[in-house]
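Examining the three-dimensional arrangement
Okay, here's what each chain looks like letter by letter:
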Amino acid sequence: MRIALFLATNLKSNRDVLRGIKNYCRAGTPWSFLIAWPQMTPLSVVARWKPDGIIAKLYTPQMVASARRFNVPLVNTSNIAGDSPVPRAAVDEQAVGKMAAEHFLERGFRNFAYIGYRQQRSASARMKWFQETVRRAGHSSRAYTEIDLFALRPGVTWGVGDRKLAAWLKALPKPVGIFLYHDVLAWEILELCHSIGLRVPEEVALLGADDDELFCDLSQPPLSSIAYPAERIGFAAAELLDRMLRGGGAPKAPVLIQPVGVVTRQSTDIVAMDDPDLAAAVRYIRLNAAQPIGVKSILSHVQISRRTLEQKFRTTLGRSPHDEITRVRIDLARQLLTYTDLSMPEVAARAGFANAERLSVVFKEKTGASPTQFRRRAR
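Summary of the structure given here.

Rules behind the numbers
- Residues numbered from 1 in each chain as written.
- Predicted model: local features only at pLDDT ≥ 70, side-chain atom pairs only at ≥ 80, totals over all residues.
- Heavy atoms only, no water.
- Core = buried A, V, L, I, M, F, W, Y, C linked by side-chain atoms within 4.5 Å.
- Buried < 20%, exposed > 50% of the residue type's maximum accessible area, 1.4 Å probe, protein only.
- Helix = DSSP H or I, 4+ residues; strand = E, 2+ residues; numbered from the N terminus.
- Contact = heavy atoms within 4.5 Å.
- Phe/Tyr/Trp six-rings, centres within 6.5 Å; stacked < 30°, edge-to-face > 60°.
- Expected span 1.5 Å × (residues − 1).
- Pairing = 2+ DSSP bridges.
- Axes fitted to C-alpha atoms, helices over the stretch in contact; angles between N-to-C directions.
- Parallel < 35°, antiparallel > 145°, perpendicular 65-115°, else oblique.
- Nonpolar A, V, L, I, M, F, W, Y, C, P; charged D, E, K, R; others polar.
- Disulfide = S-S within 2.5 Å.
- Salt bridge = Lys/Arg side-chain N within 4 Å of Asp/Glu carboxyl O.

Moving on to the nonpolar core. Among the nonpolar cores identified, the biggest contains 90 residues, and Ile115, Leu169, Ile178 and Phe179 are the most heavily contacted of them. No other element matches helix α9 (residues 230-245), which puts 9 residues into this core. What Ile178 contacts, discounting residues up to four positions off in sequence, is Phe104, Ala113, Ile115, Leu169, Leu172, Val204, Ala205, Leu206 and Leu207. One finds Val295, Ile304, Leu309 and Phe313 within the second-largest nonpolar core, a separate group that totals 20 residues.

With that out of the way, let us pick up the packing of aromatic side chains. All chains considered together, the criterion is met by 11 aromatic pairs. For the pair Phe104 and Phe109, a centre-to-centre distance of 5.4 Å together with 75 degrees between the ring planes defines the contact as edge-to-face. The burial state of Phe104 is the same as that of Phe109; both residues are buried. Each residue in the set Tyr24, Trp31, Phe33 and Phe235 is aromatic and connected to the rest through ring pairs, giving one cluster.

For helix α5 (residues 121-136), spanning 16 residues, the distance from its first C-alpha to its last is 22 Å, which sits close to the expected 22 Å at 1.5 Å a residue. Taken residue by residue, α5 has Ser122, Ala123, Arg126, Met127, Trp129, Phe130, Glu132, Thr133 and Val134 as its buried positions. Lining the buried residues of α5 we find β5 (89-91), α4 (93-106), β6 (112-117), β7 (141-147), β8 (176-180) and β9 (204-209).

Attention now goes to the side chain of Thr326. One can find Thr326 in helix α13 (residues 321-339). Those residues in contact with Thr326 that sit more than four places away from it in its chain are Val362 and Lys366.

So, about the sheet that holds strand β2 (residues 32-36). If you trace the 4 strands from one edge of the open sheet to the other, you get β2-β1-β3-β4, paired in parallel fashion. Looking at strand neighbours, the two that pair on one side only are β2 and β4 (74-76), the edges of this open sheet. If you compare each strand with its neighbour and ignore which way they point, the axes differ by 15 degrees on average. Taken together, the 4 bridges between strand β1 (residues 2-6) and strand β3 (residues 53-56) define a ladder with parallel strand orientation. Pairing of Leu5 across the sheet is with Ile55, part of β3.

The next subject is the packing of helix α6 (residues 163-171) against helix α7 (residues 183-195). Taken N-terminus to C-terminus, the directions of α6 and α7 make an angle of 75 degrees; their axes are 11 Å apart at the nearest point. Classified by the interaxial angle, the pair formed by α6 and α7 is roughly perpendicular. Judged by residue contacts, Leu165, Ala166 and Leu169 of α6 engage Ile189, Leu192 and Cys193 from α7. In the contact of α6 with α7, the residues fall into 6 nonpolar, no polar and no charged.

The next point concerns the state of the cysteines. Scanning the model with the defined rule gives 0 disulfides in all. With no disulfide of its own, Cys193 has Cys216 as its nearest cysteine by sulfur position, at a separation of 15 Å. With relative accessibility at 0%, the residue Cys193 sits in the buried group.

With the rule as written, the count across this model stands at 17 salt bridges. For Glu106, the salt bridge is made with Arg327, and the minimal N-O distance between the two is 2.8 Å. You can see Glu106 sitting in helix α4 and its partner Arg327 sitting in helix α13, a full 221 residues away along the chain. Owing to a relative accessible area of 18%, Arg327 belongs among the buried residues under this scheme. One salt bridge connects Lys164 with Glu146, and the closest N-O pair in it is separated by 2.7 Å. Residue Lys164 is found in helix α6, and its partner Glu146 is found in strand β7; the two are separated by 18 residues along the sequence. Classification of Glu146 by relative accessible area gives partly exposed; the value is 44%.

Written out as structure tokens, the structure reads:
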């Protein structure tokens, strides 16, 4: 069968979606492909190829309408166009927004902001759940959503000339954690911060989404980002399309895939706390979590009583010092499981656990999945 893929392959997330589609086909699905860029390939070219099915990243209602004219099974891999009759396999936007807020909350931030696009459904969903998670933690947040999605081009440093946005950034209470719709936008805002004299991450901590290493690692400082489950989205989209091609019905609800997690780089690698003792304790934990440390180790570094330390952690973070050590170790284990091929004993050792058995017990208790199950889902 012939499958048309409407995906702009210049984006890492789209290339990862293609990998997921390829992985699904390894089971013996006999598909041939035509890759077409939605904004560049005339529909007449695709029509002459006569596809049997389509997997596409559709940005607008107009693109949805154009793709549906082929009258073949169609799966959308994006939430950008909002709800439509087209079956969809995409990232869970609610989970993305919550994950971003929790990332900043865990670092002690009390000032929060979001920057995204106007009149864009997936951006609005991320903003909603980012703000809702912040609100439930007892804080408020601000938002800037006056950017045109199709006006931004990577590498043009678009934000430097926007005086209104620059003034908005300067007026934010500091330090502030800002969640941005994706990495390209985060990169542009980082450049704008540099141009108007705002320090990153000391005054403004920036978190993007998509984990596009090109943008994240070329930035100065490197950008933290929420890693998408793009390969899983591609696999789910191919699985859904295959079911439809075999005569099965389309699901009534979209197939939503959980984001992998936050990849922490220097743009958010800061502890934003007014209490110097608490900030020093948290910083010590993050720098030494892979070592056999405990509360006594922290007290040798921060000269306060154990009772005072416990009280400061409970009052500000809502957890004990021991809980914070465990949380940081679990986060480190998540990253090792996702981005390395280390064995379980090696993951345990590098994440600060006594052995693989202890890693397994604590990891499942905190995440609901074993390390092996998590690695399989994440990769």
